[in-house]
Amino acid sequence: MLKPAILALIRQILTVAGTALVAKGYVQASDIEPVIGALLTIGSVVWSVADKRAR
């Protein structure tokens, strides 16, 4: 299925973005991991609901 591959790509993009924010000093490294996890969880739930509604 395509969903796991897309979620893995999104996770990598968020990790790169988080690394850039840490490198520039906007956030602390310890704050990035929970934010990425939360965004992936919310995105997965929204995607699942949208997929179920489309059927």
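Residues numbered from 1 in each chain as written. Predicted model: local features only at pLDDT ≥ 70, side-chain atom pairs only at ≥ 80, totals over all residues. Heavy atoms only, no water.

The protein appears in an unreviewed UniProt entry as Holin from Pseudorhodobacter antarcticus.

A.B. asks: An account of helix α2 (residues 29-54) is needed here, citing residue identities and associated values.
C.D. replies: The end-to-end C-alpha distance of α2, which contains 26 residues, comes to 38 Å, matching closely the 38 Å that a straight helix rising 1.5 Å per residue would cover. Those residues of α2 that sit buried are Ile-32, Ile-36 and Leu-40. Those residues of α2 that are buried are in contact with α1 (2-24). (Helix = DSSP H or I, 4+ residues; strand = E, 2+ residues; numbered from the N terminus. Expected span 1.5 Å × (residues − 1). Buried < 20%, exposed > 50% of the residue type's maximum accessible area, 1.4 Å probe, protein only. Contact = heavy atoms within 4.5 Å.)

A.B. asks: Outline the packing of α1 against α2, listing residues and values.
C.D. replies: In contact at an axis separation of 10 Å, α1 and α2 are set at 150 degrees when each is read in the N-to-C sense. As far as their axial angle goes, α2 and α1 are roughly antiparallel. At the point where α1 passes α2, the crossing takes the right-handed sense. Across the interface between the two elements, Lys-3, Ile-6, Leu-7, Ile-10, Arg-11, Leu-14, Thr-15, Gly-18 and Val-22 from α1 touch Ala-29, Ile-32, Ile-36, Leu-39, Leu-40, Ser-44, Trp-47 and Ser-48 from α2. Of the residues that constitute the contact of α1 with α2, the class distribution is eleven nonpolar, four polar and two charged. (Axes fitted to C-alpha atoms, helices over the stretch in contact; angles between N-to-C directions. Parallel < 35°, antiparallel > 145°, perpendicular 65-115°, else oblique. Left-handed = near helix turned anticlockwise from the far one by under 90°. Nonpolar A, V, L, I, M, F, W, Y, C, P; charged D, E, K, R; others polar.)

A.B. asks: Could you give an account of the environment of Pro-34, naming the residues involved and the relevant values?
C.D. replies: Inspection of the secondary structure puts Pro-34 in helix α2. Of the residues examined, Pro-34 reaches a relative accessible area of 51% and is grouped as exposed. Through-space distance from the C-alpha of Pro-34 to that of Ala-20 is 16 Å; in sequence the pair is 14 residues apart.

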